[in-house]
Every structure is written in structure tokens, then in C-alpha cells.
Amino acid sequence: MNNHKSKVWTISAAIVFVVVALATAGLLFKVAGLNMLPMKYLGLVIFAVVFLLLLIFAFFFFLPLKKKVQEQAAEEQPVKKPIAKYVLRSVAMVLAIAMVVVDVVGIQMINKFEETMSNMTDDDKDEVVKVEEFVIGVFVRAEDKAENLEDVKRYDLAYSLAYDRNNTRKAINVMENELDRKLELEEFKDIFEMIDKVLAGEKAGFVLSMDYLDILADQAGYEDIASKIKCVHECTVTIETDVAEKEEVAFDVTKDTFVVYLSGHDTTFAAKRANSDVNILAVINPTTKQVLLINSPRDSYVEISVSPDGALDKLTHCGTYGVECSMDTLNELYDIDIKYYAQLNFVGFTRLIDALGGITVYSEKEFVSTSEGILIPQGFSHLDGASALEFVRERKQFPGGDRMRGKHQMAVIKGIMNQLASGSMLRNYGAVLDSMGHYFKCNVPQEDISALVKMQLDDMAEWNIQMYAITGTGDNKTSYSLPNLSTYVMIIDPATVDHAKTLINMVYEGETIEEEDLVLPTEENKN
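Everything numeric here is computed off the predicted structure, so don't read it as measured data. (Residues numbered from 1 in each chain as written. Predicted model: local features only at pLDDT ≥ 70, side-chain atom pairs only at ≥ 80, totals over all residues. Heavy atoms only, no water.)

Visitor: Would you explain helix H11 (residues 385-393) in this entry?
Guide: Each turn of an α-helix holds 3.6 residues, which means side chains three or four residues apart point in the same direction. Counting buried residues along H11, seven of its nine residues qualify, which places the element largely inside the surrounding structure. Here H11 has its buried residues at Gly385, Ser387, Ala388, Leu389, Glu390, Phe391 and Val392. (Buried < 20%, exposed > 50% of the residue type's maximum accessible area, 1.4 Å probe, protein only. Helix = DSSP H or I, 4+ residues; strand = E, 2+ residues; numbered from the N terminus.)

Right, dumping it as C-alpha cells:
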């Protein structure tokens, strides 16, 4: 009977041990595949795992208790139950179950991380053909009963070729082929006149790129356009272009200085391109642990890269032509080469901050936000996602509205970076990844992200983060995107751009930027 029980236990223990060993091997394989743990930590993990496996194996199979039981039987003594054996086996079983749970949870967390990285990264370095999608919508008044393209096939519609001319024409052709009939269309040179005609009931609806609606909603008198119209049909136009072969340049993200364009947008409509409300360059020197954040106000009047003749436009409008337009425009302004970009939707912005447990920022004055009435105290304060969103959006409460908003945006980015570096991410791992995976996009390769994380875990160094913003004077001008409408713009002070270039060069040269370096030189302090 005892031999039978012993065999059953041996088989059961062997099965449990194999399961533990396989699960642990699976976790170690996933951890090694991430390539984020420095060797000193990976070595400790492997040592601990091997030690626990040997301990479980010893407790399961090598207990020197059998001889003592046989001696008791030979001396015709009452055989005592080997209590120690059961205790050690119980401990081993608890350790085994705990290790399997840790292995399974760890593998799930790594899988979630890999899924998030896949969702948010858009690494196009090996791209041969670039595929872009442009969405053209058919819109009617919000109270209209039409629900689809079939419902509007006999409507008196309007369209304009003032924006995204080629794709609008292609979309109209596609829709007419789908309906097998010509649409009743009237062309307008002025988009705002077209919109006004529809809202007044003089036209039944209009055809327009989804991207332009973000520009429309940014203009005075059209802020609530989303509540006055509805989209009944979306036509996607796909454009494929050959990508010029890029020259391979040796680059190590843990040693070489690089620039990341940080773009934030508050998309009301379901457009893939939107006004870039946040335009911040992060100049990063991983060797000196120096980060320079440079804010370019959204209303900066700049030469937009998509214009063949150097037309001027508001920087925020560049985002509606794609992130590449914003990057190329800023490259030209600062005479730099932006390596990567990162885009964040404001919805994800609030969720990320809440997932991190809030952030600490500094406000130069106390104010109550215009839109939500949230009080932001003077000095340092800890903000949740909703309060931080009001902090970065507010401009009406300040004399230099957009410039102060730029300062607040950089302060929040600095707060997020500090929270991420402090390890706050680990306390709410799933929520942080969810907020990043759905509302955050970047073109940083996964191997570079892994290398940066590995570097930070290895040295746990503190970073010197400094902030600077270009400035200028307000004016009203027409622009590339709004040729028939004069709107507020900021005429950039070239001296502030020149100083930004000096600061960028300091980061590249490995110099440490102090607060006094951020002060714009004048004739007095030059002497």
C-alpha cells in the first residue's frame, strides 16, 4: 500500500515539476526576447529561478526519511508518520503553484506589452511602397433623415476643390460608380460659403475631406460644427507611392543624440490627420542624460512643406496633411533632422496620466479653467488626467495665451517622463499600456525602445530636462489652408529660433544646459 502511494506521489510530483519547469522556461524565453533587462538583473533572475527549481526538486524526490521508517519497522516499533516529509512536500507544492502563477501572469503581461508595442509603433524603415488612406465624407445637417449614400443620391450637394482636390475628385468618381448615376453637385471655391449654404438649408449637403473638418472646427463661429452636421458616408481613397531608398547611417539610440517630434491632437472627427495642437521637439542626448524640450506654438506662421512655392500657414494646420508635413516644416525651421515622431490623442493623454497615478506640475499663477471650471493652484500641484488636460488647454486666462499653453504642455510632458522614470508604470501596468496602445502612435522601432528601457534600468540615472519656447507677435493673416480667410497667427521672432538652434547644438555637443542658458540673449546680457 505504501509502495503504491509512493509511486502515485512520484508520478504526480514529476508531472508538477515538468509543468513548473516548462512554464518557467517559457517566461525566461519571453523575458530574454524583450531584451530589456540588463545582464546583471537577468543573471539574478536566472539564478533565483534555478535555485527554486532545485529546491522544489529536492523536496519532491530526495528526502532521507525512508531509512528511518524501515528501522522503526525492523525494531517492531510503532511506525511514526514522517511529518517533516509532508511539510517539505507541502512547501514544495506551494512554491510550485506560486511559480506557475507568476510564470503565467508574467507571460500574459509580456504578451500585452508586445501587443501594445505592435499597435502603437509604425516603423517604416523597411517600407518600399508607402500606402496612405484619405477619407472623403458626405455630410448633411444633423436633423436630416438620410443615413447612407443611397439616401442622398438625389440630394442637391455641394463640394469644393480648394482642399485635397485630387482625392475629392477620385472619391466623387467612386461614389458615382457605386450608385451608377451622377451626383447633383455644385462647386464652391470658398469652403466656408459652402458650409454656410448647407447650414442655412440652401444646399442639402456637402462633400469634403474628413481631415479639413478639424481646421473648420478651429475657426471662430464653427467651433460647434460637429453638433450641426453628420456624416452619412465615408469614401476611402488609397494612394500608393514608391519610397526612395534611404541611406543606412550607423545609429545607436543609447549613445547618439536624436530628436523626437511630439505631437498632440484633440480629434473631434474620425480623421487620421488632425490639427497638431502640441508641437514639441525633444532633443535627447542619452550619454549626458540631457533632454531639451522646445515648444513651437500652434499658431506659429511658418512655411508649410507641402506648398511648392513656400506658402505660409499656421503650424497646427500641418497636422492635417500628415505628421510628415509637420516634421518637414520643423526640420526646415530649426535646421535639424527629426529622427522619430510620437503622436498622442488627448483622450489617451488623460487616461495615461490617471494610470500613472497623476503627475506633478508647476503653475506660475492660480487660475480656473475656462471650459470645465477646474481650479489650478499656483506653484506645484498634483493633477489627475482631467485637471492636466485643462492645464494644457487653457490660454484665455493668460496675457500670452498660446505661449503659456506651450509652457504648460512641456511641464506636463516633463511630469509624465518623471513618473515613467520613477517606476509608477509598474503599479498600474495594464491601464498604462491600454492608454498608450489605443491613443499613442510612434515610429520608434521596438528594438530602440527596448534598448532605451534596458539602459535606464541599468544605470537608473536622473535626466536633466530643460524647456524652451520660441515666441513672436500676434497678427491676422491668410494662409495656405485658408486662402480666403484671415485668421490669428503668430509671427515668429527669429531671435528666439536662433537661440533654440544654439540650445540644440549644446545638446549635440554634450554640454549641460542650465536654466540661465534658456534666457534669450540681449545686447545687455551679451556684454
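That was the structure; now back to the text.
Visitor: Help me understand the nonpolar core in this model?
Guide: Across soluble globular proteins, nonpolar side chains show a tendency to be buried alongside one another. Residues Val260, Leu293, Phe349, Phe391, Val412 and Ile416 are the most contacted members of the largest nonpolar core, which totals 54 residues. Counting residues per element, this core draws most heavily on helix H12 (residues 401-422), which supplies six residues. Sequence-distant contacts of Phe349, defined by excluding residues within four places in its chain, comprise Leu344, Ala388, Leu389, Val392, Val412 and Ile416. Counting 31 residues, the second-largest nonpolar core is a separate cluster that includes Leu292, Cys325, Ile513 and Leu518. (Core = buried A, V, L, I, M, F, W, Y, C linked by side-chain atoms within 4.5 Å. Contact = heavy atoms within 4.5 Å.)

Visitor: Teacher, can you tell me more about the pattern of salt bridges here?
Guide: Where charged atoms from two side chains of opposite charge approach closely, those side chains can pair. Under the counting rule described, the total for this entry stands at 17 salt bridges. When the shortest N-O distance is used, the salt bridge between Arg298 and Asp299 registers 3.5 Å. Just as Arg298 is buried, Asp299 falls in that class too. Sharing partners across several salt bridges, the network here consists of Asp218, Asp277, Arg298, Asp299 and Lys314. (Salt bridge = Lys/Arg side-chain N within 4 Å of Asp/Glu carboxyl O.)

Visitor: Looking at this structure, how should I read the side chain of Thr350?
Guide: Within the secondary structure, Thr350 sits in helix H10 (residues 346-355). When sequence neighbours within four positions are dropped, the list of residues in contact with Thr350 reads Gly385, Ala386 and Leu389.

Visitor: Help me understand helix H9 (residues 323-334) in this model?
Guide: Helix length check: H9, at 12 residues, gives a terminal C-alpha distance of 17 Å against a target of 16 Å (1.5 Å per residue), a fit within 8%. With nine of its 12 residues buried, H9 lies for the most part within the structure. Residues of H9 that are buried: Val323, Cys325, Ser326, Met327, Thr329, Leu330, Asn331, Leu333 and Tyr334. Two residues or fewer past H9, Asp335 is found with a positive phi of approximately 55°. (Expected span 1.5 Å × (residues − 1).)

Visitor: What is the right way to read the sheet that holds strand E17 (residues 464-469) from this model?
Guide: In sheet architecture, strand pairing relies on hydrogen bonds along the backbone and comes in two forms, parallel and antiparallel. Pairing within the open sheet is mixed, and its six strands lie in the order E16-E11-E6-E7-E8-E17. Since the sheet does not close on itself, it has two edges, and those belong to strand E16 (440-442) and E17, each with one partner. Within the sheet, the average angular offset between the axes of one strand and its neighbour, ignoring direction, is 20°. The sheet contact formed by strand E6 (residues 258-265) and strand E7 (residues 278-285) spans seven bridges and is antiparallel. If you follow Leu262 over to E7, its bridge partner there is Ile280. (Pairing = 2+ DSSP bridges. Axes fitted to C-alpha atoms, helices over the stretch in contact; angles between N-to-C directions.)

Visitor: Can you walk me through unusual backbone geometry in this structure?
Guide: Most peptide bonds adopt trans geometry, and most residues besides glycine take a negative phi value. One non-glycine residue with positive phi stands out, namely Asp180, at about 60°. Residue classification places Asp180 among the exposed residues on the basis of a relative accessible area of 72%.

Visitor: Please explain the environment of Met467 as it appears in this structure.
Guide: On the secondary structure map, Met467 appears in strand E17. Each C-alpha atom of the pair Met467 and Lys414 lies 8.9 Å from the other, and the pair is 53 residues apart in sequence. Excluding anything up to four places from it in sequence, Met467 contacts Leu293, Met410, Ala411 and Leu518.

Visitor: What is the right way to look at the pairing of strand E3 (residues 184-187) in this model?
Guide: Successive side chains on a regular strand alternate, one facing one side of the sheet and the next facing the other. Where strand E2 (residues 156-159) meets E3, four bridges bridge the pair, whose relative direction is parallel. Among the inter-strand pairings, Asp156 is bridged to a residue of E3, identified as Glu184.

Visitor: So what exactly am I meant to see when it comes to the environment of Asn418 here?
Guide: Mapped onto the elements, Asn418 comes out in helix H12. Owing to a relative accessible area of 41%, Asn418 belongs among the partly exposed residues under this scheme. Once the C-alpha coordinates of Asn418 and Ile465 are considered, the two residues, 47 residues apart in sequence, prove to be 9.5 Å apart.

Visitor: How should I be thinking about the pairing of strand E11 (residues 340-345) in this particular structure?
Guide: The buried count for E11 comes to five of six residues, which makes it a mostly enclosed element. Across six bridges, the pairing between E6 and E11 is parallel. Along E11, the bridge assignment pairs Tyr261 with Tyr341. Sheet topology places E11 next to E16; three bridges connect them, and they run antiparallel. What sits directly across from Gln343, in E16, is Lys441.

Visitor: Looking at this structure, I do not really get the packing of aromatic side chains. What am I missing?
Guide: Between two aromatic rings, the relevant description is the distance of the centres plus the angle of the planes. For the structure shown, the criterion picks out 12 aromatic pairs. Measuring from centroid to centroid gives 5.0 Å for Phe367 and Phe398, while their planes differ by 75°, and the two rings are edge-to-face. Of this pair, Phe367 sits in strand E13 (residues 367-368) while Phe398 sits in the loop between H11 and H12, and the two are 31 residues apart along the sequence. Of the two residues examined, Phe367 and Phe398, each falls in the buried class. (Phe/Tyr/Trp six-rings, centres within 6.5 Å; stacked < 30°, edge-to-face > 60°.)

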